[in-house]
Amino acid sequence: MAEALKTFREGEDILASDTNDNNQFLLSKLSDNATQVQQYVEGEVATIKSNVSSVQATLQNNLNELDEKMKAN
């Protein structure tokens, strides 16, 4: 696979292998970027889930405390 895109000049004969190498290079870059984006999104989703669980636990504790206060009165 090519390490970089090959630039073609106007009127130059182009080999299929050169364009195929360019295509493979681009596909590799897209795949790398897609993997990075997926990992980032999965990390953000995990953070959001954790935050939601924390808020849910806090709300439940507050409701329990309020319920206890109401029963005491």
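Look up: the structure comes first, before these words.
This structure is a prediction, so every number in the text was calculated from the model and none was measured.

(A) How the structure looks around the side chain of Asp 18. With respect to the helices and strands, the residue Asp 18 is situated in helix α1 (residues 16-72). Residue classification places Asp 18 among the buried residues on the basis of a relative accessible area of 17%. Once you skip the residues sitting within four places of it in the chain, Asp 18 turns out to touch Lys 6 and Phe 8.

(B) Fine view of the pattern of salt bridges. Counted under the stated rule, the structure contains two salt bridges. Where Asp 67 meets Lys 71, a salt bridge forms, and the shortest distance between an N and an O atom there is 3.3 Å. Residue Asp 67 and its partner Lys 71 are located together in helix α1, separated by four residues, close to a single helical turn. Of the residues examined, Asp 67 reaches a relative accessible area of 37% and is grouped as partly exposed. We classify Lys 71 as exposed; its relative accessible area is 60%.

About the criteria used
- Residues numbered from 1 in each chain as written.
- Predicted model: local features only at pLDDT ≥ 70, side-chain atom pairs only at ≥ 80, totals over all residues.
- Heavy atoms only, no water.
- Helix = DSSP H or I, 4+ residues; strand = E, 2+ residues; numbered from the N terminus.
- Buried < 20%, exposed > 50% of the residue type's maximum accessible area, 1.4 Å probe, protein only.
- Contact = heavy atoms within 4.5 Å.
- Salt bridge = Lys/Arg side-chain N within 4 Å of Asp/Glu carboxyl O.

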